[in-house]
Amino acid sequence: MAYELEEINLSQRIFYYLIEHRELTEEEESVLYKAYTEKENVMDLVKRQGIAAKSIIERYGNVIYLIPNKDNDYLGYSKRDLKGVLCKSGANDKDYYLSQFVILTLLVEFYDGQGSSSKARDFLRVGDFLNSISERLKEGAANINAEEEDKDGLAFSNMLEAFEALRSEIGSKAKTTKEGFVHNLLTFLQKQGLIDYIEEDEMIKTTKKLDQFMDYNLLNKKNYDRVLSVLGVKENE
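Residues numbered from 1 in each chain as written. Predicted model: local features only at pLDDT ≥ 70, side-chain atom pairs only at ≥ 80, totals over all residues. Heavy atoms only, no water.

A.B. asks: Is there a simple way to explain the pattern of salt bridges in this structure?
C.D. replies: Pairs can form between side chains of opposite charge whenever their charged atoms are close. Applying the stated criterion across every chain, the model contains ten salt bridges. The salt bridge partner of Asp93 is Lys79, with a shortest N-O separation of 3.2 Å. Of the two residues, Asp93 is situated in helix α5 (residues 93-110) and Lys79 in helix α4 (residues 79-86); the sequence distance between them amounts to 14 residues. The partly exposed category is assigned to Asp93, whose relative accessible area is 35%. The shortest N-O distance in the salt bridge between Asp211 and Lys119 comes to 3.2 Å. A residue pair is termed long-range when its members are at least 10 positions apart, and Asp211 in helix α10 (residues 208-218) and Lys119 in the loop between α5 and β4 (124-125) qualify at 92 residues. On the accessibility criterion, Asp211 (16% relative accessible area) is buried. A residue is classified by how much of its surface remains accessible, and Lys119, at 25% relative accessible area, is partly exposed. (Salt bridge = Lys/Arg side-chain N within 4 Å of Asp/Glu carboxyl O. Helix = DSSP H or I, 4+ residues; strand = E, 2+ residues; numbered from the N terminus. Buried < 20%, exposed > 50% of the residue type's maximum accessible area, 1.4 Å probe, protein only.)

Shown next as structure tokens:
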């Protein structure tokens, strides 16, 4: 397929904008937004550049997003980077996987994968969230034996051990406490534009960005069942 020079230039401008801002809206950059949504060749070129940069370009609602692949350590985060940001100093794999489990728990608390919108609630109290993390870890460790953990990679006992090793201290922001561990993780998600973390009210709300991402991508039936499986949740619960 032959592309015109103007189409190539537009696609390069759009892709550079996405690298810089990670999202593109008509309100912020109408010329580039319309070029992507109205010119098939431009959209195709942008998506090809995304693939070359180990990323995908998707439009959810009225926003175009650049989403790095999970193995993209340049535009995204490596496991090592995330461990340093989310976990306490000297953290091991148990601490890292606990942080990922906490994020999955947050998603399931807010989204149920049913109806015209996957969102099931408008806000979540931090205290309730902490209780939910503890309950799901204990349930998972009780329901899955060591053989099944080795088979499925669901190391509930290890994650529970890492969580229980954190002391409890209300109001703490230290990564060595349960409250601080969750606080730090919520702060990280807020910086990514995925949640609104209202510290003074100890309240968590999701952003439009996360709502759209969940509605259009993660919560198709197959992916939602996968998340429930990881958390050890039965479909009829």
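A.B. asks: Help me understand the nonpolar core in this model?
C.D. replies: Within soluble globular proteins, side chains that are nonpolar generally end up buried alongside one another. Among the nonpolar cores identified, the biggest contains 36 residues, and Leu98, Leu106, Phe129, Leu137, Leu186, Ile195 and Ile204 are the most heavily contacted of them. Sorting the residues of this core by element identifies α4, α5, α6 (126-143), α8 (156-164), α9 (178-191), β5 (195-198) and α10 as the ones contributing at least two each. Examining the composition of this core, we find that eight residues originate from one element, α5, more than from any other. Aside from chain neighbours lying at most four places away, what touches Leu98 is Leu137, Met159, Ala162, Phe163 and Phe181. (Core = buried A, V, L, I, M, F, W, Y, C linked by side-chain atoms within 4.5 Å. Contact = heavy atoms within 4.5 Å.)

A.B. asks: I tried to follow the side chain of His183 on my own but got confused; where do I start?
C.D. replies: Summarising the element assignment, His183 is placed in helix α9. The exposure class assigned to His183 is buried, which follows from its relative accessible area of 12%. For His183, the contacting residues outside a window of four places in its chain are Lys173, Tyr197 and Glu199.

A.B. asks: Explain the packing of α6 against α8 to me, please; I cannot follow it from the model alone.
C.D. replies: How two helices sit against one another is set out by the angle between their axes and by the gap between those axes. It is the contact of α6 with α8, at a shortest axis distance of 8 Å, that shows an interaxial angle of 145°. Of the two possible hands of crossing, α6 and α8 adopt the one that is left-handed. On the side of α6, the interface is formed by Leu130, Ile133, Ser134, Arg136, Leu137, Lys138, Gly140 and Ala141, while α8 contributes Phe156, Ser157, Met159, Leu160, Phe163 and Glu164. Class assignment of the residues belonging to the contact of α6 with α8 gives a composition of eight nonpolar, three polar and three charged. (Axes fitted to C-alpha atoms, helices over the stretch in contact; angles between N-to-C directions. Left-handed = near helix turned anticlockwise from the far one by under 90°. Nonpolar A, V, L, I, M, F, W, Y, C, P; charged D, E, K, R; others polar.)

A.B. asks: Hey, could you run me through the sheet that holds strand β3 (residues 63-68) in this one?
C.D. replies: In a beta sheet, neighbouring strands are held together by backbone hydrogen bonds and run either parallel or antiparallel to one another. The strand order across the open sheet formed by three strands is β1-β3-β2, and the pairing between neighbours is antiparallel. In this open sheet, the two edge strands, each paired with only one partner strand, are β1 (23-25) and β2 (55-60). For this sheet the average axis-to-axis angle between neighbouring strands, irrespective of direction, equals 15°. Alignment of β2 against β3, held across six bridges, turns out to be antiparallel. When the bridges of β3 are listed, Tyr60 appears paired with Val63. Strands in contact with helix α2 (residues 30-38) are β1, β2 and β3; relative to β1, the strand with the most contacts, it is inclined by about 95°. (Pairing = 2+ DSSP bridges.)

A.B. asks: Can you walk me through the sheet that holds β4 in this structure?
C.D. replies: Strand order across the open sheet formed by three strands is β4-β6-β5, with antiparallel pairing between neighbours. Since the sheet does not close on itself, it has two edges, and those belong to β4 and β5, each with one partner. The pairing of β4 with strand β6 (residues 203-206) spans two bridges and is antiparallel. Looking across to β6, one finds that Leu124 is bridged to Ile204. Of the strands in this sheet, β5 and β6 touch α9, which is tilted by about 135° from β5.

A.B. asks: Teacher, can you tell me more about the pairing of β5 here?
C.D. replies: Of the two faces of β5, only the one carrying Ile195 and Tyr197 is buried; Asp196 and Ile198 on the other face are not. Two strands pair when backbone bridges link them, and β5 and β6 are joined in this way by four bridges, in the antiparallel orientation. Counterpart to Tyr197 in the pairing with β6 is Ile204. Here β5 hands over to β6 after four residues, with Glu202 in that stretch at a positive phi of 50°.

A.B. asks: What exactly am I supposed to notice about the environment of Gly50 here?
C.D. replies: Residue position: Gly50 is located in helix α3 (residues 40-52). As a C-alpha pair, Gly50 and Ile19 span 31 residues in sequence and 9.6 Å in three-dimensional space. Setting aside anything within four residues of it in sequence, one finds Gly50 in contact with Phe15, Ser55 and Ile57.

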